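These are the residues of each chain, in order.
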Amino acid sequence: MKVLDYILEKKEEETLHMGLIDPDEQSPEKSGELAQALEEVGSDAVMVGGSTGITQENLDKTVREMKRVTDLPIIHFPTEAGAISPHVDAIYFMSMLNSKDINRVIGEQVVGAPHIKKLGIQTLPMGYVVVEPGMTVGEVGKADLISRDDAEMAVNFGLAAQYLGMELFYLEAGSGAAQPIPVEMIKACKKNLDMTLIVGGGIRKPEQAKKRAEAGADVIVTGTVLEESSNIDLKLEKLIRALKEV
Ligand code: 1GP
């Protein structure tokens, strides 16, 4: 099945959860265990990626291990074109729309595109914007951060992405952010955009996830809570249950 259809069909029924796993944070075996845990607690997909400098070898080993232990779709969340794995189910073909670095907007994509074609990987066209505080991705990506109270700016970026033909729009507060994407910003995007809305960065508690699902997020992404948690099952299960209630 096409991963985009899977997302589009599933979002009609419920809010999706995706768990972000950074291959550089642990061994491929441990990443596999985390992916398996995600499936067990009711997550809908695994996003793999997140940091710069991931090697082809590490990415391949990690994705192969994940595919061995879970049936969840594995989606590459790339930072740059340096490593692309043929084993993923899909890749976000994404542009960091509010970056001041042309490479983040279109450069890496031009480098990666012929490899993706050759490998025949499914692409998920996505506009990606970084909102305050932005954290590491905001700095590394040289983002001109969207202010937390500027919902209109977020909508305008979203409209531009929509008119460019992108299916997905990702509002990113930055991994580990003290405050996740504001609820009002999500509501404004939901009201004005005809896109699949992905929200991530700083979501740790069930209540935070639930409020964002209620505001209109189609997909909630969590990364840190998965890696930090000593009792993944319980903590994530509660969070996923909360957003599925909406
Ligand atoms: C980062 O939005 C994701 O791209 C996840 O953020 O690590 O804070 O969950 P957290």
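For clarity, every value in this text was computed on a predicted model and none was experimentally measured.

Cut-off values and rules
- Residues numbered from 1 in each chain as written.
- Predicted model: local features only at pLDDT ≥ 70, side-chain atom pairs only at ≥ 80, totals over all residues.
- Heavy atoms only, no water.
- Helix = DSSP H or I, 4+ residues; strand = E, 2+ residues; numbered from the N terminus.
- Rg over C-alpha atoms; globule rule 2.2 N^0.38 Å.
- Buried < 20%, exposed > 50% of the residue type's maximum accessible area, 1.4 Å probe, protein only.
- Pairing = 2+ DSSP bridges.
- Right-handed = clockwise from strand over helix to strand, strands pointing away.
- Axes fitted to C-alpha atoms, helices over the stretch in contact; angles between N-to-C directions.
- Patch = residues over 30% accessible without salt bridge, like charges linked within 9 Å, V, L, I, M, F, W, Y side chains within 5 Å.
- Areas by Shrake-Rupley, 256 points an atom, 1.4 Å probe, with all protein chains shown as cover.
- Salt bridge = Lys/Arg side-chain N within 4 Å of Asp/Glu carboxyl O.
- Lys, Arg positive; Asp, Glu negative; His and termini not counted.
- Charge placed at Lys NZ, Arg CZ, Asp CG, Glu CD.
- Near = heavy atom within 4 Å.
- Polar contact = N/O pair within 3.5 Å; in protein donor to acceptor, adjacent residues only side chain to side chain.
- Nonpolar A, V, L, I, M, F, W, Y, C, P; charged D, E, K, R; others polar.
- Left-handed = near helix turned anticlockwise from the far one by under 90°.
- Contact = heavy atoms within 4.5 Å.

Participant: What am I meant to see in the overall build of the protein here?
Facilitator: Of the regular secondary structure elements, the protein holds 10 helices and eight strands. Computed over its C-alpha atoms, the radius of gyration of the protein comes to 16 Å, within 12% of the 18 Å expected for a compact globule of 246 residues. Expressed as lengths along the three principal axes of its C-alpha atoms, the size of the protein is roughly 45 × 40 × 30 Å. Residues classed as buried in the protein amount to 54% of the 246 residues present.

Participant: Explain the pairing of strand β8 (residues 219–222) to me, please; I cannot follow it from the model alone.
Facilitator: A regular strand places its side chains on the two faces of the sheet in alternate fashion. Residue alternation in β8 divides its side chains into two sets, Val219 and Val221 and Ile220 and Thr222, and both sets are buried. Pairing of strand β1 (residues 16–21) with β8 involves four bridges; the strand directions are parallel. By the bridge assignment for β8, glycine 19 is matched with threonine 222. Summarising the sheet, strand β7 (residues 196–200) and β8 pair through three bridges and their orientation is parallel. Counted as the bridge partner of isoleucine 198 is valine 219 from β8. The handedness of the β7 to β8 crossover, carried by helix α8 (residues 206–215), is right-handed.

Participant: Would you mind going over the environment of valine 110 with me for this structure?
Facilitator: Considering the arrangement of structural elements, one finds valine 110 in helix α4 (residues 102–119). Separated by 136 residues in sequence, valine 110 and valine 246 have C-alpha atoms that sit 39 Å apart.

Participant: I keep staring at the sheet that holds strand β2 (residues 45–49) and nothing clicks. Help me out?
Facilitator: Within a sheet, adjacent strands bond to each other through the backbone by hydrogen bonds, running parallel or antiparallel. Taken together, the eight strands give a closed barrel; going around it, the order is β1-β2-β3-β4-β5-β6-β7-β8, and neighbouring strands pair in parallel fashion. On average, each strand axis in the sheet is tilted by 30° relative to the strand beside it, whichever way the strands run. The pairing of strand β3 (residues 74–77) with strand β4 (residues 90–96) spans two bridges and is parallel. The residue bridging isoleucine 75 from the neighbouring strand is alanine 90, located in β4.

Participant: Help me out: how do you make sense of a negative patch on the surface in this one?
Facilitator: On the surface, a cluster of negative charge is contributed by Asp5, Glu9, Glu12 and Glu13. Following the sequence through the fold, glutamate 9 ends up in helix α1 (residues 3–13).

Participant: Looking at this model, I keep getting lost on the pattern of salt bridges. Mind explaining?
Facilitator: A side chain of one charge can pair with a side chain of the opposite charge if their charged atoms are brought near each other. This model, assessed by the stated rule, comprises 10 salt bridges. In this structure, a network of salt bridges that share partners links the residues Lys10, Glu14, Asp44 and Lys244.

Participant: I would appreciate a short explanation of the site of the ligand in the present structure.
Facilitator: All residues in the neighbourhood of the ligand are listed as Leu20, Phe77, Tyr170, Glu172, Ser175, Gly176, Gly200, Gly201, Gly202, Thr222, Gly223 and Thr224. Here glycine 176 contributes a backbone N or O atom positioned 2.7 Å from an oxygen atom of the ligand. Residue glycine 201 places a main-chain N or O atom 2.8 Å away from an oxygen atom belonging to the ligand. Protein chains bury 96% of the 310 Å² of accessible surface belonging to the ligand in isolation. Looking at the shell around the ligand, its residues break down into three nonpolar, eight polar and one charged.

Participant: Teacher, can you tell me more about the packing of helix α6 (residues 151–163) against helix α7 (residues 183–192) here?
Facilitator: Relative orientation and spacing of two packed helices are given, respectively, by the angle between their axes and the distance between those axes. Following both chains from N to C, one finds α6 and α7 inclined at 35°, their axes separated by 9 Å at the closest point. As α6 runs across α7, the sense of the crossing is right-handed. Where α6 approaches α7, its residues Ala151, Ala154, Val155 and Leu159 are matched on the opposing element by Glu184, Met185, Ala188, Cys189 and Asn192. Counted by class, the contact of α6 with α7 contains seven nonpolar, one polar and one charged residues.

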